[in-house]
Amino acid sequence: MIGRLKEFVKRHWPALRLRTILLGVLLTVAALPVMSAILLRVYENTLVRQTEAELVAQGAALVATAQAYWPGARPPPPADTRAPDYYRPERTSIDLSSGNILPERPLAPRARWTPDAAAETAALELAPVIDGTVKTTLASVLLLDSRGQVVRGYGRGGDHSALPEVRAALKGEPATVMRENGDYYTKSKYEWLSRASTLRIHHARPIVVEGRVVGVFLLSRSPRALFRGVYEDRGKILLGLAVILGLLVIMSGLVSRGITRPIVALSRSAREVTAGRGSVPQTPSTAAIEIRDLYEDFREMAQAIDTRSRYLRDFAAAVSHEFKTPLAGIGGAVELLQDHYETMSAEERRRFLDNIAADNARLAQLVTRLLDMARADMARPEAGVAVDILSAARRVADSQSSLRVIIDLTDDLPAVAVPEATIEAVLTTLLENSRQAGAKSAVLSAAVETGQLCLAVQDDGPGIAEADRERLFEPFFTSHRADGGTGLGLSIARSLLAASHATITAVASSRGARFEVRLPLA
């Protein structure tokens with residue numbers, strides 16, 4: 001099950017850049033304190049609104065009871081519960097983050113008039129209900145008459161008509177405000193983190209009988225303390241912390257799978273490849289894009305190093321073999337001259353000296369061609385090159401004295417992005433090989449292909465054996481060693497062309513040898 005899940009994740013893992021992973025991790029870590037503070041404030045605001053909702057519910061219940069027991073009130077007609085506007089939930093209105101916090105509720109000044117007799121009678125009837133409510137909810141409940149005078153509760157006989165929430169209730173609109181709590185005292189040194197600790201919620205609700213406001217219930221209560229709420233809701237908060245920790249684990253896994261583990265695996269495989277064992281592992285599908293590119297670059301580098309190592313090994317063996325023959329000839333001739341110089345005739349001494357000179361000339365030619373090959377291997381593309389192939393072909397043809405060169409090229413051929421010296425060196429090598437093979441003439445032709453110019457060199461010589469066609473471009477391979485051939489000309493030509501992203505191939509031909517050089521257009 002876990003294995004299938006891992007395979008599913010690997011197949012559907014998005015390709016992420018390294019900077020995206022790091023940015024996501026840093027933003028997540030940076031956002032955690034902000035998220036915690038925001039969540040704490042949201043939770044505290046929820047506690048305040050919950051207190052308001054509880055006061056609204058208590059006030060609605062008390063008002064409904066007062067309307068039923070109010071002296072002289074006629075029973076209301078039966079309500080139609082199927083009416084669309086029958087159920088009207090009252091939304092909370094205060095907001096701790098943006099709401100206005102009023103000063104502590106002042107003591108009610110002495111009223112200047114006699115309390116309403118109906119309100120006092122109702123207060124006596126509602127006393128058990130009010131007392132039971134206060135006992136259970138710990139809220140302060142005041143009953144005011146139609147002029148805002150306290151007829152039941154703390155400050156009886158006082159006048160609260162100047163309070164904004166009471167004025168709104170006397171106009172028939174319930175109102176809730178936040179006020180400072182004068183009875184508050186610090187219980188914990190951490191309470192400064194909570195704004196609601198020093199507040200008290202006040203809710204005024206009108207008592208409407210037969211369309212007239214006959215009284216007001218004024219309720220107040222402190223909201224639930226933040227830390228007490230945290231303790232009471234510890235299960236939910238622990239769940240939130242678990243989610244945050246899970247998010248951190250996920251981000252750590254993202255960094256591990258996208259960066260750390262692929263780099264460790266690549267480092268380990270690099271050591272194994274350096275020691276000559278193992279190979280580059282497959283690119284992890286969960287790695288970052290830059291890490292994937294690093295894997296591909298490392299794989300290409302390892303292949304190039306392996307290819308270059310084999311090439312150098314084979315090249316060293318070929319150089320040793322090529323140098324061994326003339327060096328052996330020179331050493332043998334010198335040894336004979338040293339041992340039998342006095343007894344040799346002048347003709348014999350001349351013959352041995354000529355052999356030494358010939359072998360020395362061959363060694364010098366090999367060294368020169370090897371230097372040419374090294375320069376060709378180190379060649380780099382030139383920017384902005386645009387060469388006319390026709391003029392280069394004419395100069396090479398004019399330099400050939402013992403081979404007739406036919407130029408079958410038009411003047412409208414596009415320029416190629418290959419240096420002129422490279423084109424001349426390659427054509428000279430091909431025409432010289434044709435001359436050494438016994439050809440009498442050669443034809444240069446060209447055709448434009450998609451993004452390339454195909455330059456063909458066709459001679460009338462004996463041609464190339466099919467078995468030798470694939471080996472022509474190997475260093476030191478030549479069928480004209482007796483004529484002074486080094487077998488490096490075509491290798492040098494291929495390296496020079498490769499530096500400009502051009503290629504050379506030997507193709508099958510019914511008559512003579514045919515080479516095709518494909519040059520990129522400028």
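Located above this text is the structure these notes cover.
Thresholds applied
- Residues numbered from 1 in each chain as written.
- Predicted model: local features only at pLDDT ≥ 70, side-chain atom pairs only at ≥ 80, totals over all residues.
- Heavy atoms only, no water.
- Helix = DSSP H or I, 4+ residues; strand = E, 2+ residues; numbered from the N terminus.
- Buried < 20%, exposed > 50% of the residue type's maximum accessible area, 1.4 Å probe, protein only.
- Areas by Shrake-Rupley, 256 points an atom, 1.4 Å probe, with all protein chains shown as cover.
- Core = buried A, V, L, I, M, F, W, Y, C linked by side-chain atoms within 4.5 Å.
- Salt bridge = Lys/Arg side-chain N within 4 Å of Asp/Glu carboxyl O.
- Pairing = 2+ DSSP bridges.
- Contact = heavy atoms within 4.5 Å.
- Axes fitted to C-alpha atoms, helices over the stretch in contact; angles between N-to-C directions.
- Parallel < 35°, antiparallel > 145°, perpendicular 65-115°, else oblique.
- Left-handed = near helix turned anticlockwise from the far one by under 90°.
- Right-handed = clockwise from strand over helix to strand, strands pointing away.

## Notes on the overall build of the protein chain
Right, so step 1: The helix and strand inventory of the protein chain stands at 12 helices and 11 strands.
Right, so step 2: Here the protein chain holds 522 residues, and 35% of them are scored as buried.
Right, so step 3: Total accessible area on the protein chain is roughly 31,000 Å²; 57% of this is exposed by carbon and sulfur atoms.

## Observations concerning the nonpolar core
Taken as a class, soluble globular proteins show a tendency for nonpolar side chains to be buried jointly.
Right, so step 1: Counting 35 residues, the largest nonpolar core has I423, L427, L430, V517 and L519 as its most contacted members.
Right, so step 2: Broken down by element, the residue count for this core peaks at 6 residues, all from helix α9 (residues 389–399).
Right, so step 3: Core analysis: the second largest hydrophobic core is formed by 25 residues, A66, A123, I201 and F217 among them.

## Regarding the pattern of salt bridges
Right, so step 1: All chains considered together, the criterion is met by 10 salt bridges.
Right, so step 2: Between E54 and R221 there is a salt bridge, with the nearest N and O atoms lying 2.4 Å from each other. Pair noted here: E54 is in helix α2 (residues 18–69) and R221 is in strand β6 (residues 212–221), with a separation of 167 residues, a long-range link.
Right, so step 3: For E54, a relative accessible area of 28% translates into the label partly exposed.
Right, so step 4: Via salt bridges that share partners, E449, R514, E516 and R518 belong to a single interconnected network.

## Side note on the sheet that holds strand β2 (residues 140–145)
Right, so step 1: Read from one edge to the other, the open sheet built from 6 strands follows the order β1-β4-β5-β6-β2-β3, with strand pairing classed as mixed. Strand pairing shows two members of the sheet lacking a second neighbour, β1 (101–102) and β3 (150–152), which therefore form its edges.
Right, so step 2: Across 2 bridges, the pairing between β2 and β3 is antiparallel. Following the sheet pairing, L144 is matched in β3 by V150.
Right, so step 3: Of the strands in this sheet, β2, β3 and β6 are in contact with helix α3 (residues 117–137), which crosses β3 at around 70°.

## A short note on the packing of α9 against helix α10 (residues 420–437)
Right, so step 1: Contact geometry for α9 and α10: axes closest at 9 Å, N-to-C directions at 45°. Put simply, α9 runs oblique to α10. Viewed along their axes, α9 and α10 form a crossing whose handedness is right-handed. Taken together, the residues of α10 that come into contact with α9 (itself represented by I389, S391, A392, A393, R395 and V396) are E420, I423, E424, L427, T428 and L431.

## With respect to the pairing of strand β7 (residues 404–408)
Right, so step 1: Where β7 meets strand β8 (residues 441–449), 5 bridges bridge the pair, whose relative direction is parallel. By the bridge assignment, D408 is partnered in β8 with S445.
Right, so step 2: Each parallel crossover has a hand, and for β7 linked through α10 to β8 it is left-handed.

## What to know about the sheet that holds β7
Right, so step 1: Strands sit in the order β7-β8-β9-β11-β10 across an open sheet of 5 strands; the sheet is mixed. Edge positions in the sheet fall to β7 and β10 (503–507), since each has one partner strand and no second. Neighbour to neighbour, the strand axes of the sheet diverge by 20° on average, direction disregarded.
Right, so step 2: Strands in contact with α9 are β7, β8, β9 (452–459) and β11 (514–520); relative to β7, the strand with the most contacts, it is inclined by about 170°.
Right, so step 3: The sheet contacts of α10 involve β7, β8, β9, β10 and β11, and relative to β9 the element is tilted by about 20°.

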